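Notes for the structure review
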Amino acid sequence: MKTVKIADGIFRLGINIEPGNLFEGIWSIPDGTSINSYIVRGDKTAVLDLTQDQEDFIGSMTAQMDDLKVSPENIDYIIVNHMEPDHSGWLREFRKKNPSMEIFCTKKAVALVEHFCGITDKVHPIENGETLDLGQGKVLQFFETPNIHWPETMMTYEQSEKILFACDAFGSYGKVEDAVFDDQLSDDEHDFFEKEALRYYANIVASFSVFVERGLKKLEGLDIRMIAPSHGIIWRENPSVIVERYSRYASYLKGPACPEITVIWGSMYGNTQQLVTEVIKGIRSEKIPVHQYRVPEDDIGFILADAWKSAGIVLGMPTYEYQMFPPMAHVIDDFKRKKVQNKKVFRFGSFGWSGGAEKELETSTEKLKWEFLESVEWQGAPGEKEKKKAFERGQELARIVKEFAGKSY
Ligand code: FEO
């Protein structure tokens, strides 16, 4: 990959995690994702974030640094915005090549630098708002933005060019190739990165939405001309687009999110499945968009993204051994971890000899502040009565969602 000049004396270095890998060892990235680092050059040179400890990534980053005639030996500062190893995995070996390099990070990151990398000397804990003058007009300013998405996170702002290096914030999944700036993308590519930003947000950032809102507030007074995140494209023409998107995604924590409904269902022998079509017909009769997933077949990372932005959720699952259908229990567990809160919810499903899924669902989602419609449950195979009810509940949920979230687009 080529080094890209993003402003005078400021460069992006990037690698791509290829499709087929899992991000954080969990999340599917069928279209990959990028990891971006930045070099800022004045009289002194700083590198902002590195890459993970993987031979081909380090080889690529080294080659890109060579293009700029930069190497660990002539870098003065490493700015550690975030210690997650996708950005710091190379730090231990990188610093060994030049032990006089000074590391700038938050106070909370100091312990992580020690425990992940064994580095304790020349680690400078920043004060919020502190500056570092690199010479030739290049001045870096540091802002603590805790819990976006680790507690030690900060962002760095380059004052002369007004560039915000936001690390994981304002990032997205999706490989970045030759077009690295927002103004180089087609409409389709913008649509792609919008979807990938939402999925990235729902998977990685969502549970910290309160802190995203606090971080956005902290940055309000800053004149930002460009946003350069650690994953995804650089926002040069319209940085406000990604700021507005993140602000909107964060607001979904409290609801109402979008007037859409995500239907998640699982079925053992087809008895619960028979009502899926009826529910969806009911929803569509009110012209509300529906996203549909089957568990355990479909991917939780995608389910989370659509559930996060939907005001309504439908859960179709049978009782299994007196409890929830296990793949759905897994989805509910992830919803709790990621705080998929304040939704309007309808559940349906069959049972064999006894119910139990309903009770477990109610108790396990108490903290999610979900508002439930009356469920539809039946023993064995569903009859026409259940199918009719399913259609009506789908319709009712769609009407409630329209009322609740109608103005949210
Ligand atoms: Fe991209 Fe939280 O690391």
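Relevant structure appears above.
Residues numbered from 1 in each chain as written. Predicted model: local features only at pLDDT ≥ 70, side-chain atom pairs only at ≥ 80, totals over all residues. Heavy atoms only, no water.

We now examine the nonpolar core. Membership of the largest hydrophobic core comes to 115 residues, with the highest contact counts inside it found for Ile6, Met65, Ile79, Phe170, Trp308 and Phe335. In terms of residues, this core owes the most to one element, helix α5 (residues 187–205), which gives eight residues. A domain split of this core shows at least three residues from each of domain 1 (4–251) and domain 2 (259–403). Ignoring sequence-local partners within four residues, the contact set of isoleucine 6 consists of Phe11, Arg12, Tyr38, Ile163, Phe165, Phe181, Met226, Ala228 and Ile234. In this structure, Ile261, Trp265, Leu275 and Phe346 belong to the second largest nonpolar core, which totals 22 residues. (Core = buried A, V, L, I, M, F, W, Y, C linked by side-chain atoms within 4.5 Å. Buried < 20%, exposed > 50% of the residue type's maximum accessible area, 1.4 Å probe, protein only. Helix = DSSP H or I, 4+ residues; strand = E, 2+ residues; numbered from the N terminus. Domains from an automatic or database assignment. Contact = heavy atoms within 4.5 Å.)

What follows deals with the pattern of salt bridges. Inspection of every chain in the model, using the stated rule, returns 26 salt bridges. Between glutamate 127 and lysine 107 there is a salt bridge; the shortest N-O distance is 3.3 Å. With glutamate 127 in the loop between β9 (123–125) and β10 (131–135) and lysine 107 in helix α4 (residues 107–117), the pair connects residues that are 20 residues apart, well separated along the chain. Take glutamate 127: its relative accessible area is 46%, and that puts it in the partly exposed class. Classification of lysine 107 by relative accessible area gives partly exposed; the value is 45%. Because the salt bridges share partners, they merge into one network encompassing Glu18, Lys175 and Glu177. (Salt bridge = Lys/Arg side-chain N within 4 Å of Asp/Glu carboxyl O.)

Take the environment of tyrosine 201 next. By the element assignment, tyrosine 201 lies in helix α5. For the pair tyrosine 201 and alanine 305, spaced 104 residues apart in sequence, the C-alpha separation works out to 7.8 Å. Ignoring sequence-local partners within four residues, the contact set of tyrosine 201 consists of Ala206, Ser209, Val212, Tyr246, Tyr249, Ala250 and Trp308.

Before going further, it helps to examine a nonpolar patch on the surface. Together, Met268, Tyr269 and Tyr320 make up a nonpolar patch on the protein surface, roughly 350 Å² of accessible area in all. Its relative accessible area of 37% is what places methionine 268 among the partly exposed residues. (Patch = residues over 30% accessible without salt bridge, like charges linked within 9 Å, V, L, I, M, F, W, Y side chains within 5 Å. Areas by Shrake-Rupley, 256 points an atom, 1.4 Å probe, with all protein chains shown as cover.)

So, about the pairing of strand β20 (residues 344–351). Burial analysis of β20 places eight of its eight residues in the buried class, which makes it a mostly covered element. Neither face of β20 is exposed, since Lys344, Phe346, Phe348 and Ser350 on one face and Val345, Arg347, Gly349 and Phe351 on the opposite face are all buried. Pairing between strand β17 (residues 310–316) and β20: five bridges, direction parallel. In the strand pairing of β20, glycine 312 is matched with lysine 344. Pairing of β20 with strand β21 (residues 371–372), which is carried by two bridges, proceeds in the parallel orientation. Bridge pairing in β21 links valine 345 to phenylalanine 372. Both β20 and strand β22 (residues 376–379) contribute to a ladder of four bridges, which runs parallel. Bridged to glycine 349 within β22 is glutamate 377. (Pairing = 2+ DSSP bridges.)

Let us look at the packing of α5 against helix α7 (residues 239–251). Where α5 meets α7, the closest approach of the two axes is 11 Å, and the angle between their N-to-C directions is 40°. With respect to each other, α5 and α7 are oriented oblique. Once α5 is placed against α7, the crossing between them reads as right-handed. Touching Glu194, Ala197, Leu198, Tyr200 and Tyr201 of α5 are Ile242, Arg245, Tyr246, Arg248, Tyr249 and Ala250, all from α7. Classifying every residue of the contact of α5 with α7 gives eight nonpolar, no polar and three charged. (Axes fitted to C-alpha atoms, helices over the stretch in contact; angles between N-to-C directions. Parallel < 35°, antiparallel > 145°, perpendicular 65-115°, else oblique. Left-handed = near helix turned anticlockwise from the far one by under 90°. Nonpolar A, V, L, I, M, F, W, Y, C, P; charged D, E, K, R; others polar.)

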